[in-house]
Amino acid sequence: MRLSQYFMPILRDDPKEAEIASHRLMLRAGMVRQEAAGSYSWLPMGFRVLKKIEQIVREEQDRAGALEVLMPTLQSADLWRKSGRYDAYGKEMLRIKDRQDRDLIYGPTNEEMITDIFRSGVQSYKDVPRNLYHIQWKFRDEVRPRFGVMRGREFLMKDAYSFDISVEAGKHSYNKMFVSYLKTFARMGIKAVPMRADTGPIGGDASHEFLVLADTGESGVFFDGALHDLDWSTIDIDYDNVEAVANMVADYTSRYAATDEKHDQAEFEKRVPEGKRLSGRGIEVGHIFFFGDKYSLPMGCEVQGPDGKKVTLQSGSYGIGVSRLVGGIIEASHDKDGIIWPEAVAPFKVGLINIKSGDAEADAAAEKIYKDLQAKGVDVLYDDRNQPGGAKFAAMDLIGLPWQVIIGPRGLKEGIAEIKNRKTGARENVALDQVTARFSN
RNA sequence: CGGGGCGUAGCGCAGUCUGGUAGCGCACCUGCCUUGGGCGCAGGGGGUCGCGAGUUCGAAUCCCGCCGCCCCGACCA
């Protein structure tokens, strides 16, 4: 993509409404535009990141055996009356009437609908276990939206729902999602620590939140420093191996880690040696629940067992805040100059800077590298604007692409380009004809 | 939902107290010059001063009502 033909309205000044880094940087880099309190339009640069994150989530859900569906944003109020949550959910749920004066709601979550769908499609114990998920926009009419996309009212969420014949089988479904979350976040280049959590209005028994550690997080967290010793980047497992999956969950939950809601100071001090007691703040990017028959029972979600008797299914739900992750990743990965995208979610892999646009030699060299990179399938953003070099450096650092390729008269004299790593700042001179090879996988 | 604050050009702000026909920086357009960390010179465009009603000869400014947004707290993917 040529920057001269892109839509990326960069702001030089900080918008006054943005207090925290991710919000400020997303607005400055032209990734999003606020439409109303807690409601954002995603501009090309931001949308690319959102889609990359969504795709990683999708691939890891599929790998864990979940099946993708898509449910509507608007739901019938009757469905929610059946579960009792129409009255219980409170004002966060947006209630709407259609032209026939029928009560609708804009879905804040989908337990009722998925349970209804699943119930109508299964009759036998042979039809379970199953896990259905979708990635869909949600609306929760938050009392106080803030921090940009981190607490919007309208947000993109992946929510999965498991159905099992027994509590024991349900536990395995829960554990599979637990492990798949470790893999999902690891692929995005962030560490999201699972912590015991309150179950909230969704209800249930077992529940873990996954939190990205960041000073601007909304939750207080307390954890064992030994958690840092675990390997968070390579999670490898056979999902069908019940014991291995359970062991891995045990491994990542055996050390103390809790949000302030579940924190027990006495237990913390008993289990964690003094030098290892860490506390801080975290951003909740995932939340998993096992809630048994909480919805299956009132909604009659049951199958016939081997003995011919009806069995009420056991369920869990598993959420990942896809749009929140965009902000969460920035909170965990930025510096004074701008965003530092982990490669897996970066909007482009390479930013190509032509320091002297208009100079025949520089233009020719940059054009060639641009076309070669594209031919090799490397996502490249080419700053071909007629701007001074300093402005291009500043813009490229702001938007945070992992690699910068810098073409200028100085290097061209020696037949080289400069490659800069955005994260480390390391620079390297590379012969012009070797640049493309450096980025081909 | 309680407390505080803000709404003037795309962004950041001044002007409001003390009413007199709207200004600054950046951005943008044209030309020249430049391009190794937000370059220089010259010229230029852009505003129903959040909305409505009032007071006044005259309202961004004073009065009344409304709307929107932000921050702190209580609540949450």
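In this report, we go over the structure that sits alongside the text. What you see is a predicted model, and the numbers here were worked out from it, not measured in a lab. (Residues numbered from 1 in each chain as written. Chains lettered and ligands numbered in written order. Predicted model: local features only at pLDDT ≥ 70, side-chain atom pairs only at ≥ 80, totals over all residues. Heavy atoms only, no water.)

### Some points on the pairing of strand 20 (residues 380-383)
The alternating pattern of strand 20 places Val380 and Tyr382 and Leu381 and Asp383 on opposite faces, both of which are buried. In terms of strand pairing, strand 19 (residues 350-354) meets strand 20 through four bridges, oriented parallel. Within the sheet, the bridge partner assigned to Ile353 lies in strand 20 and is Asp383. Between the parallel elements strand 19 and strand 20, the chain passes through helix 11 (residues 360-375) in a crossover that is right-handed. (Buried < 20%, exposed > 50% of the residue type's maximum accessible area, 1.4 Å probe, protein only. Helix = DSSP H or I, 4+ residues; strand = E, 2+ residues; numbered from the N terminus. Pairing = 2+ DSSP bridges. Right-handed = clockwise from strand over helix to strand, strands pointing away.)

### A closer look at unusual backbone geometry
In this model, Val128 is joined to Pro129 through a cis peptide bond whose omega is 5°. Locating Pro129 in the fold gives a position in the loop between helix 5 (111-121) and strand 7 (130-139). Of note, the phi angle at Asp101 is positive, near 70°, even though the residue is not glycine. Phi is positive for Phe147, close to 60°, though the residue is something other than glycine. As for its placement among the helices and strands, Phe147 is situated in the loop between strand 7 and strand 8 (154-164).

### With respect to the nonpolar core
Counting residues in each nonpolar core, the largest one holds 80 residues, and the members touching the most others are Met31, Ile53, Phe185, Met188, Leu325, Val326 and Trp341. Per element, the largest residue contribution to this core is seven residues, and it comes from helix 6 (residues 167-187). Beyond its immediate sequence surroundings of up to four residues, Trp341 is in contact with Met31, Val49, Val326, Ile329, Ile330, Ala346, Pro347, Ile399, Gly400, Leu401 and Pro402. (Core = buried A, V, L, I, M, F, W, Y, C linked by side-chain atoms within 4.5 Å. Contact = heavy atoms within 4.5 Å.)

### Thoughts on the side chain of Gln404
Within the secondary structure layout, Gln404 lies in strand 21 (residues 403-407). A distance of 2.7 Å separates the side chain of Gln404 from the side chain of Asp397, its partner in a polar contact. The contacts of Gln404, once residues within four sequence positions are left out, are Gly351, Ile353, Met396, Asp397, Glu418, Ile419, Lys420 and Arg422. (Polar contact = N/O pair within 3.5 Å; in protein donor to acceptor, adjacent residues only side chain to side chain.)

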